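Structure assessment
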Amino acid sequence: AEEVLKLGGGLIHYSTDYVFDGRGTGPYREDDVPAPLNVYGQTKLAGETGVGHSGAAHLIFRTSWVYASRGRNFLRTILKLARERKELTIVNDQFGAPTPARMVAEATAMALAKIFPTRGMDAAALADRQGVYHLSAQGRASWFEFASEILRDVAGAARIKPIPTSAYPTPAVRPLNSVLDNTKFRERFGLSLPDWKFGLALCLEELEVNGER
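Definitions and limits used
- Residues numbered from 1 in each chain as written.
- Predicted model: local features only at pLDDT ≥ 70, side-chain atom pairs only at ≥ 80, totals over all residues.
- Heavy atoms only, no water.
- Salt bridge = Lys/Arg side-chain N within 4 Å of Asp/Glu carboxyl O.
- Helix = DSSP H or I, 4+ residues; strand = E, 2+ residues; numbered from the N terminus.
- Buried < 20%, exposed > 50% of the residue type's maximum accessible area, 1.4 Å probe, protein only.
- Pairing = 2+ DSSP bridges.
- Axes fitted to C-alpha atoms, helices over the stretch in contact; angles between N-to-C directions.
- Contact = heavy atoms within 4.5 Å.
- Arc of directions from axis to C-beta.
- 1 Å grid on protein atoms, 1.4 Å probe; cavity = no way out; pocket = protein on both sides within 12 Å on 5 of 7 lines; lining within 4 Å.
- Points joined across faces, edges and corners; volume = space filled by probe spheres on them.
- Nonpolar A, V, L, I, M, F, W, Y, C, P; charged D, E, K, R; others polar.
- Polar contact = N/O pair within 3.5 Å; in protein donor to acceptor, adjacent residues only side chain to side chain.

A few points about the pattern of salt bridges
- One pass over the structure, following the stated rule, counts 10 salt bridges.
- In this structure, Glu87 engages Arg159 in a salt bridge whose closest nitrogen and oxygen atoms are separated by 2.0 Å. With Glu87 in strand β4 (residues 87-91) and Arg159 in strand β9 (residues 159-163), the pair connects residues that are 72 residues apart, well separated along the chain.
- Given a relative accessible area of 34%, Glu87 falls into the partly exposed group.
- Residues Arg152 and Glu149 are paired through a salt bridge, measuring 3.2 Å at the closest nitrogen-oxygen approach.
- Arg152 gets classed as exposed once you look at its relative accessible area, which sits at 55%.
- Where salt bridges share partners, they join Arg102, Glu106 and Glu206 into one cluster.

Considering the sheet that holds strand β2 (residues 57-63)
- A sheet is described by the order of its strands in space; here 3 strands give the open sequence β1-β2-β7, paired in parallel fashion. Sheet topology places β1 (10-16) and β7 (131-134) at the edges, where each strand pairs with a single neighbour. Strand-to-strand, the axes of this sheet are offset by a mean angle of 25 degrees, without reference to chain direction.
- Alignment of β1 against β2, held across 7 bridges, turns out to be parallel. Across the sheet, the residue bridging to Gly10 is Ala57, located in β2.
- Across the face of the sheet, helix α2 (residues 39-53) comes into contact with β1, β2 and β7 while running at roughly 155 degrees to β1.

With respect to helix α6 (residues 143-150)
- Buried within α6 are the following residues: Trp143, Phe146, Ala147, Glu149 and Ile150. Seen from one end, α6 has its buried residues packed into an arc of 160 degrees, which puts them on one side.
- Residues of α6 that are buried in the fold lie against β3 (66-67), α3 (74-84), β4, β8 (141-142), β9 and α8 (196-209).

A short note on the layout of surface pockets
- Here the largest pocket is characterised by a volume of approximately 1000 Å³.
- Taken together, 35 residues form the lining of the largest pocket, with Tyr18, Phe74, Trp143, Tyr168 and Arg174 sitting closest to its centre.
- Taken together, the elements giving at least two residues each to the lining of the largest pocket come down to β1, α2, α3, β4 and α6.
- When residues in the lining of the largest pocket are grouped by element, the largest group, 5 residues, is from β4.
- Residues that form the lining of the largest pocket fall into these classes: 18 nonpolar, 11 polar and 6 charged.
- Taken as a whole, the second largest pocket spans an internal volume of roughly 290 Å³.
- Lining the second largest pocket are 15 residues; nearest its centre among them are Pro100, Arg102, Leu202, Cys203 and Glu206.
- Those elements giving two or more residues to the lining of the second largest pocket turn out to be α4 (101-115) and α8.

Considerations on the environment of Ala124
- By the secondary structure assignment, Ala124 is in helix α5 (residues 123-128).
- Between the C-alpha atom of Ala124 and that of Ala147, which follows or precedes it by 23 residues, the distance is 43 Å.

Let's talk about the side chain of His58
- If you trace the backbone, His58 turns up in strand β2.
- Take His58: its relative accessible area is 6%, and that puts it in the buried class.
- At 2.9 Å, the side chain of His58 forms a polar contact with the backbone oxygen of Ala56.
- With residues near it in sequence (within four places) discarded, His58 still touches Leu11, Val51, Gly52, Leu126, Gln130 and Gly131.

Okay, here's the thing in structure tokens:
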């Protein structure tokens, strides 16, 4: 961010739903007070603060439960384990909005096109809309519901058993509610991501085309 300021440019920074503690009952808004539960959330919040205080023109996009048809992520892990095991135990009391990485990238590009419709990068134009925005899929799902939807049409897939977070302890505490409110992004840019099931269907279709499903 400091280097971008020296160059007179602009910065897109991606953050996370994990800046919140997950104790809220509804979708989190940008002005809700952050309270990260783990080191990942703490460092991402520190990144947001550093970018915000740098003086550089910036957009900070908080997203959630990001996955893709490539790389290591929940989608590909579930498909792999479903072929190797007869039963999977998946947490059913943590909620978020599974969001495809490709849609985050596309929404970012379209938002920038709104800011710079006829010319190249302009730090002043970016600064006019700078700030924190939530950018995630619509809807709400548990990890169990996400996994169930991934395997819904997979013949011979493993049986999925729902379990509470308490039955699957991890070194890092995770928020129970990671749902984000995307109203601000929609109002400022006239854009929104579709429901999480729609995004998943497109990602599964991509895997099928590539012969990986």
